[in-house]
Amino acid sequence: MQKQVNGLKDIYALLSNERKIGGIIETQFIRLRSGEEFKNAVITNVDMLGSTFYSLGFTTSDGQHMIINVSEISVISAPVHKKIADAQNIIYKKAKTAEKLKYLKRLYEVNEGSYTTIFLEEAKLIVEDIGYEAAKEHVDVSFITPPKKVYSIA
């Protein structure tokens, strides 16, 4: 995944469609006008009124949840849309993985015995997002092929 995000409009679109596309938006750092800097912040929410963005919610690498006015932001450095399994923010990664696993288990319960194509697509998306290894400990992922390892010989 690892796709560069270009602005608040893109962030808003990605967060709005999280269930369909998965992933998180992680930044290298967010610096406020006051000089405070938060490394590996994960953007969790963008609020807008009409067509104007007015606040941004994010989780810091030490687990703090912050909501700030957009006018207080000085820099959002290198925002990237990536899989949960690739996140650098360990605290948010654990929390989001647990949330997705809970949803995945419930999805399996509801669709028990009738694995439709819609179920298979959604389950595959979640497994790829949180990582094959994390998912296989909790649910049957035999219908999803594990990621292939590439070996190169010098």
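Preceding this section is the structure that the text describes.
Each value, and the rule that gives it
- Residues numbered from 1 in each chain as written.
- Predicted model: local features only at pLDDT ≥ 70, side-chain atom pairs only at ≥ 80, totals over all residues.
- Heavy atoms only, no water.
- Salt bridge = Lys/Arg side-chain N within 4 Å of Asp/Glu carboxyl O.
- Helix = DSSP H or I, 4+ residues; strand = E, 2+ residues; numbered from the N terminus.
- Buried < 20%, exposed > 50% of the residue type's maximum accessible area, 1.4 Å probe, protein only.

**Considering the pattern of salt bridges**
This model, assessed by the stated rule, comprises 12 salt bridges. Lys100 is the salt-bridge partner of Glu18, the closest N and O atoms lying 3.8 Å from each other. Linking Glu18 in helix H2 (residues 18–21) with Lys100 in helix H3 (residues 90–110), this pair joins segments that are 82 residues apart in sequence. A residue is classified by how much of its surface remains accessible, and Glu18, at 23% relative accessible area, is partly exposed. By relative accessible area, Lys100 is classed as buried at 11%. The residue Lys124 makes a salt bridge to Glu128 at a minimum N-O spacing of 4.0 Å. Of this pair, Lys124 and Glu128 are both found in helix H4 (residues 117–130), four residues apart, which corresponds to roughly one turn of the helix. By relative accessible area, Lys124 is classed as partly exposed at 41%. Residues joined by salt bridges that share partners form a network here, namely Glu18, Lys96, Glu99, Lys100 and Asp129.

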